[in-house]
Amino acid sequence: MFNQFFYQDKGLFLQSLHPAAALTYLGILFVLALVFTNPLYLLGLLLVVVLAISAARGLAVWEIYLRLSLGLLLPVIIVNALLTHAGKTIIWWGPRLPVFGRLTVSLEAICYGAAMSVRLLAIISIFCLYNLIVHPDKVLSLLARFASRSALVLSLATRLFPTMVRQMANIQEVQMIRGVDFHTGTLKERLHRYAALMNILLLSSLEDSLEIAEAMQARAFGSGRRSCYRRDTWRPRDSLCLGGALLALATAVYGQAKGFSTFIFYPQLDYLIKGPMTIIILIIIILSLSVPMVLSWGWQRCPYFNVKI
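Let us look at the structure shown here.

1. Focus on the overall build of the protein chain
From N to C terminus, the protein chain includes eleven helices and two strands. A globule of 309 residues ought to have a C-alpha radius of gyration of about 19 Å, yet the protein chain, at 25 Å, is considerably larger. Reported as C-alpha extents along the three principal axes, the dimensions of the protein chain are approximately 65 × 60 × 40 Å. For the protein chain, the proportion of its 309 residues judged to be buried stands at 36%. Counting contacts in the protein chain only where the partners sit at least 6 residues apart, residues at least 24 apart contribute 71% of the total. Across the protein chain, 27 positive and 14 negative side-chain charges occur, with their mean positions spaced 10 Å apart.

This is the structure in structure tokens:
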């Protein structure tokens, strides 16, 4: 189950992007999720992220993220509705409490909590998309050009948890073949079996750390200027995806500056659509951010894209 949360090479179009282009695209999605306050724009951004996850064949993984996120989204709406008293449209008067005063629920507080829940879900989905399309080693290789030692530490840290999960699964499988049952017996007996499992996992991790140190020494790590084993090629697909993301960012900046993509919740709800420009800017942003998904669709169905981009 845990392997689904980590990067898996599936030979997809989005996974073939240059790490700089993929990181820029994801970074712009993240910035827009933080900047937008209009619920229509937040929903549009969430739609784009879900489409990208679908193009990366990660909807099954995203459903797990969604179920885990619901435990955060519902409390955000409920707590904000009960503790925020800035709204004018009161729809429920509650009892008076010693510290919080009289509880009230306003329509503005509910809408604000719902919008923030959509924003939180969009941000969590962006991190899900990152795990699906960006190879950690490529990102760290890109960072290593500027800070090689910090990139090495990050590489070892990001590999730690997935490697330990796989090793623990392998060790547990071997133990079960030898007749060890981790699901039966009293709590004390199962804890004893898992303690033996963790002991083997610790010894295995120590052996791996020694092998990594020997490999680094054999490759003369730290003895001189660092060489690059693999270089990623910048292709037309990267320019197209980066251009679409930058166009979406420029359009979003214009919409924010002119107030077409902003929304005020307190003390009274603003107009959701302030004119035709609200819809036009939203459509431009969605279409610009959808360039990677359109290219992915064509890449799978048209050999021309495979050759030209």
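2. Section: the packing of aromatic side chains
Following the criterion strictly, the structure yields eight aromatic pairs and no others. Seen from their ring centres, Tyr254 and Phe260 are 6.4 Å apart, and the 40° between their planes marks the pair as tilted. Site record: aromatic cluster; members linked through ring pairs are Tyr112, Phe263, Phe265 and Tyr266.

3. Structural notes on the environment of Ile90
With respect to the helices and strands, Ile90 occurs in strand β1 (residues 90-97). By relative accessible area, which is 29% here, Ile90 ends up partly exposed. Expressed as a C-alpha distance, the spacing of Ile90 and Gln175, which sit 85 residues apart in the sequence, is 61 Å. If we ignore the near neighbours within four places in the chain, the residues touching Ile90 are Thr104, Val105 and Ser106.

4. Thoughts on helix α7 (residues 187-218)
Counting along an α-helix, one turn takes 3.6 residues, and residues three or four places apart therefore face a common direction. Over its 32 residues, α7 extends 46 Å from the first C-alpha to the last, a length consistent with the 46 Å expected when each residue adds 1.5 Å. Of all the positions in α7, only Leu197, Leu201 and Ser204 are classed as buried. Buried residues along α7 sit in contact with α6 (148-177). Downstream of α7 by a residue or two, Ala220 has a phi angle that is positive, lying close to 60°.

5. Side note on helix α10 (residues 291-301)
Taken residue by residue, α10 has Pro292, Met293, Leu295, Ser296, Gly298 and Trp299 as its buried positions. Next to the buried residues of α10 lie α1 (19-35), α2 (39-55), α8 (236-258), α9 (276-289) and α11 (303-308).

6. A word on the pairing of strand β2 (residues 101-106)
Note: β1 against β2, five bridges, orientation antiparallel. Bridge pairing in β2 places Trp92 opposite Val105. Adjacent in sequence and paired antiparallel, β1 and β2 are bridged by three residues.

7. Quick look at the nonpolar core
The biggest cluster of nonpolar side chains holds 56 residues, and the ones touching the most others in it are Phe13, Leu29, Leu32, Ile133, Ile285 and Leu289. Element by element, the count of residues in this core is highest for helix α4 (residues 107-133), at twelve residues. Discounting chain neighbours no more than four positions away, the residues touching Ile133 are Tyr7, Leu14, Gln15, Leu26 and Ala56.

8. Considering the environment of Asp208
Position of Asp208 relative to the elements: it lies in helix α7. Residue class for Asp208 comes out partly exposed when judged on its relative accessible area of 24%.

9. What about a nonpolar patch on the surface?
Judged by side-chain polarity, Phe30, Val31, Leu34, Val35 and Phe127 come together as a nonpolar surface patch covering roughly 400 Å² of accessible area. With respect to the helices, strands and loops of the structure, Val31 is situated in helix α1. Of the residues examined, Val31 reaches a relative accessible area of 40% and is grouped as partly exposed.

10. Looking at unusual backbone geometry
With omega at 0°, the peptide bond leading from Tyr266 into Pro267 counts as cis. Relative to the helices and strands, Pro267 resides in the loop between α8 and α9. Phi at Arg57 is positive, roughly 55°, even though this residue is not glycine. One can find Arg57 in the loop between α2 and α3 (59-83). Here Arg57 falls in the exposed class, since its relative accessible area comes to 54%.

11. A word on the state of the cysteines
Within this structure, the stated rule accounts for zero disulfides. The thiol sulfur of Cys302 is not disulfide-bonded, and the nearest other cysteine sulfur, from Cys241, lies at 16 Å.

12. Comments concerning the side chain of Arg237
For Arg237, the position within the fold is in helix α8. Comment: no salt bridge for buried Arg237; closest opposite-charge side chain is Asp238, at 5.8 Å. Engagement of the side chain of Arg237 in a polar contact is seen with the side chain of Ser16, the distance being 2.7 Å. Sequence-distant contacts of Arg237, that is, excluding residues within four places in its chain, are made with Phe13, Ser16, Leu17, Leu295, Trp299, Asn306 and Ile309.

Conventions we followed
Once a new chain begins, its residue numbering starts again from 1 and follows that chain's sequence as written. Totals for whole chains, interfaces and linings use every residue, but because this is a predicted model, local features are given only for residues with pLDDT of at least 70 and side-chain atom pairs only at 80 or more, for both listing and counting. Side-chain measures here rest on the full set of heavy atoms in the structure, leaving out hydrogens and waters. The way it works is that DSSP assigns letters per residue, a run of H or I at least four long becomes a helix, a run of E at least two long becomes a strand, and they are numbered from the N terminus. In this treatment the radius of gyration is a C-alpha quantity, and the globule benchmark scales as 2.2 Å times the residue count to the 0.38 power. Summary of the burial criterion: residues with accessible area below 20% of their type's maximum are buried, those above 50% are exposed, and those between are partly exposed, where the area comes from a 1.4 Å probe applied to protein chains only. Between two residues, a contact is recorded if the distance between any of their heavy atoms is within 4.5 Å. Under the counting rule used here, the positive set is Lys and Arg, the negative set is Asp and Glu, and His together with the chain ends is not counted. Where a charge lies is defined by one atom per residue type: Lys uses NZ, Arg uses CZ, Asp uses CG and Glu uses CD. Pairs were defined over the aromatic rings of Phe, Tyr and Trp, the Trp ring being its six-membered one, requiring ring centres within 6.5 Å. Orientation was assigned from the angle between planes: stacked under 30 degrees, edge-to-face over 60, tilted for the rest. Here, expected helix span is obtained from the residue count minus one, scaled by 1.5 Å. Here, a strand pair is defined by DSSP locating no fewer than two bridges between the strands. We define the nonpolar core as a collection of buried residues of types Ala, Val, Leu, Ile, Met, Phe, Trp, Tyr and Cys that are connected through side-chain atoms lying within 4.5 Å of one another. The patches described consist of residues with a relative accessible area above 30% and no salt bridge, like charges being joined within 9 Å and nonpolar side chains (Val, Leu, Ile, Met, Phe, Trp, Tyr) within 5 Å. Note that accessible areas follow from Shrake-Rupley with a 1.4 Å probe, and for residues the cover is restricted to the protein chains shown. We define a salt bridge as a side-chain nitrogen of Lys or Arg found within 4 Å of a carboxyl oxygen belonging to Asp or Glu. We call a pair of cysteine sulfur atoms a disulfide when they lie within 2.5 Å. Polar contact is the term for a pair of N or O atoms within 3.5 Å; when the atoms are in protein, one must be able to donate a hydrogen and the other to accept it, and sequence-neighboring residues count only if both atoms are side-chain atoms.

Purely spatial values, then, with no claim about function.
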